[in-house]
Structures are given as structure tokens and as C-alpha cells.
Amino acid sequence: MKITEHIKKADGKTLFSFEIIPPKKGNSIQELYNNIDPLMEFNPPFIDVTTSREEYVYIEKEGLLDRKVTRMRPGTVGICAAIKHKYDVDTVPHVLCGGFSKEETEYLLVDCHYLGIDNVMALRGDAMSHQKYFSASEGGHEYATQLVDQIKNLNCGKYLHDVIESNDCTSFCIGVAGYPEKHLEAPSLQTDLKRLKEKVDAGADYIVTQMFFDNNKYFEFVEAAKEIGIHVPIIPGIKPIAIKKHMQLLPQVFKIDLPEQLINEIQNCKTNKEVRQVGVEWAIQQSRELLAANVPVLHYYSMGKSDNVHAIASQLF
Ligand code: FAD
């Protein structure tokens, strides 16, 4: 079932969902199940599974370094199918521009269709770790809008190069990313919002936000989005802070601000266990306010570990 249908069916009740990352290559999927199992009591209508793009690894060979391209966490679509089958829940694979040609994307979407996956999250992806700026892969898309276009075309039976009569069109519900504190490359929040509007005009059905720690950023973002004509659901993404290092890491990687009060509370912690508790309490407080504002879904970034998301959800759902 589509995310938009889940939201409609909930009839104003806020839903619970979360995002997981595939295990590192060579690790068992059981690890993921162990983290999903405790969260199923909160009835998530859908679970997102991230995709990580390829990276370089260097292997020493006869005194020289041989550069190989690898994916450290493959298996997004397989995991989506496995989870859907095991828990009877909708799954949302994240589909990236970076690292994929349009043809590879088409095949991935065909796989999703055959597996009964109804939703996809269309993302550009980031630059590779050695690159300063994102650049499109050979034969790939430059921006998420183009990926939305491709998925929308497929929904109309338009494949890339073939003129075929399709009697079994896909009907993907398409999610895209939104940034309450603007995307790090965007020259301004307003420009970024216009780009977001382009994604919605191209056919995106809903938006999931980047993490934020001050709800006012989300509320202002939703208002500003409405003002420029974005009327699809905007799902807030919540990340519980888990380690002291997040205080530097999150602003550095995602260009987001942490509120002073949160910084002070983290600074007062002596151990990461205490930081984790602060993160849980902050997320509960954020979630309560968002629930009171009737947001469609509270979407948690679990990063594969469910104990803190469980502690939060058990206070709310
Ligand atoms: P876009 O919408 O393409 O925007 C990227 C930048 O380009 C923005 O600054 C935008 O303003 C600008 N822009 C857009 N269109 C144009 C244009 N036509 N001309 C000029 N500028 C333009 N990353 C992963 O690798 N894997 C994941 O699974 C993943 N999941 C995510 C889930 C969520 C909810 C979010 C918020 C992010 C996720 N990301 C993931 C990170 C995401 O890939 C990065 O933030 C990436 O840098 C931007 O992706 P996007 O889809 O927002 O890009």
C-alpha cells in the first residue's frame, strides 16, 4: 500500500515509522531482524531501507595499491522484500542517482514492482568520499528531480529506450527529501524550497525531512512550503542523539544546528549512556510537540539500533 494511502487511512492519527540501514557486507540479516522485532509492537505501516553508494577501497598488490569500487552495505531491495515478507509491512527502498545509471535504476524499479513494493524514496545521494562535490555517474541523473521524472514515466508505462505496450504499469508512490535548515549545497533556504517544489511538481507524493532538533525549524519549513504551493504530506524525520561525538558530527555532515539547551545537556553528560538518555528524552519532547501538531507520521532514524527508538515510541504510541 502507498504511504499516502496509509496517511489517508489513519484519518489524522499520527503514524510511527522508522528507517534502517542494511548490514555491512558479510553480516547476517538476523542482526536487522533483532532490531526490528521490538519496534513492531508500535505497528509501523512502513519501514525505510537506506542505500549507500559505492566507495573506493585500496588493496595492496605486489607493493602497489589497487583501487577497487565496492558497496559496503548492499542489498537494499532484497532487505525490503525480506522485511515485507517476514513482517507483512510496507517497505521503502531508497533509490539513488549517485552510483547508478538510468538503466540500472530502471532494472531496480522493475525488481521492486515484481516484489510488490509500492513506494520508493528518490534521492540524489552524496558525493563519493574522495570527491568534494557530487557529480552524476556515467549515464546517471544529476538531481533527484530527474529521478522522480524517470519513476513517474515508468508509472505511465514509459521505459527508457523501448517502445513497448505495457499492460502492467508500475504505480510507485514517490517520496523525496526536504531540508528544514536547507540542503548544505543550496545557496538559500528559499532556493532549496523552489527545488523541492520542482520535485513535487515532477510527481513526488510526499516529503521526509532531514533531522532537526528544534521543532520551530520544521513548523516554519512546512509553512514556507505551503506558501510556495507544496501541498503533499511533509513527514518529520527525528534522530535521537546517541553519542557525544554527534554534537560535532551532525552539524558538520548535515549542516544543522543544535539548540543551546541540548548542547548544554550533552556537555553535562559523563558517559555516552547518559548522552543516549538525553537523546531519548529530547526526541520524546520533540515528538510530543509534533504529535500535538498532528503531523502525519513520526519517522525515526534508527541507524540499525532500535533500543533508543523503542524507548521513545513506548512513551508515545
Ligand atoms: P536534490 O533534491 O537533487 O538536491 C541536491 C541539491 O541540489 C540541493 O542543494 C538542491 O537545492 C540542488 N538542486 C536541485 N535541483 C537543482 C537544479 N536543477 N539545479 C541546481 N541545483 C539543484 N543519502 C544516501 O546516500 N542514501 C540514503 O538512503 C539517503 N536517505 C536519505 C533520506 C532522507 C529523508 C534524507 C533527508 C536524506 C537522505 N540521504 C541519503 C541524503 C541525500 O542523498 C543527500 O542529502 C543529498 O546530498 C541530496 O539529496 P536530494 O535527493 O535531496 O537531492
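Going by the structure above, here's the rest.
This one's a predicted model, so the numbers in the text were calculated from it and none came from an experiment. (Residues numbered from 1 in each chain as written. Predicted model: local features only at pLDDT ≥ 70, side-chain atom pairs only at ≥ 80, totals over all residues. Heavy atoms only, no water.)

### A short note on the sheet that holds strand β1 (residues 15-20)
What the nine strands build is an open sheet, ordered β9-β8-β7-β6-β5-β2-β1-β11-β10; its pairing is parallel. With one partner strand each, in any of the chains shown, β9 (234-235) and β10 (237-238) form the two edges of the open sheet. Of the strand pairs in this sheet, strand β2 (residues 46-49) and strand β5 (residues 90-96) are connected by four bridges, and their pairing is parallel. Opposite Phe46, over in β5, you have Asp90 as the bridge partner. (Pairing = 2+ DSSP bridges. Helix = DSSP H or I, 4+ residues; strand = E, 2+ residues; numbered from the N terminus.)

### Topic: the pairing of strand β11 (residues 297-301)
Taking burial as the measure, the five residues of β11 include five buried ones, the bulk of the element. The alternating pattern of β11 places Val297, His299 and Tyr301 and Leu298 and Tyr300 on opposite faces, both of which are buried. Across five bridges, the pairing between β1 and β11 is parallel. Within the sheet, the bridge partner assigned to Phe16 lies in β11 and is Leu298. As defined by bridge partners, β10 adjoins β11 across two bridges and the pair is classed as parallel. Along β11, the bridge assignment pairs Gly237 with His299. (Buried < 20%, exposed > 50% of the residue type's maximum accessible area, 1.4 Å probe, protein only.)

### A look at the site of the ligand
Among the 22 residues in the neighbourhood of the ligand, the closest are listed as Thr51, Asp126, Tyr179, Asp192 and Lys199. At a separation of 2.8 Å, an oxygen atom of the ligand approaches a polar side-chain atom of His94. One of the side-chain N or O atoms of Arg195 is found 3.3 Å from a nitrogen atom in the ligand. Relative to its free-state accessible area of 990 Å², the ligand is covered by the protein chains to the extent of 86%. Contributions of two or more residues to the shell around the ligand are made by β5, β6 (119-123) and α6 (189-202). For the shell around the ligand, the element with the highest residue contribution is α6, accounting for three residues. For the shell around the ligand, a count of residues per class yields ten nonpolar, six polar and six charged. (Near = heavy atom within 4 Å. Polar contact = N/O pair within 3.5 Å; in protein donor to acceptor, adjacent residues only side chain to side chain. Areas by Shrake-Rupley, 256 points an atom, 1.4 Å probe, with all protein chains shown as cover. Nonpolar A, V, L, I, M, F, W, Y, C, P; charged D, E, K, R; others polar.)

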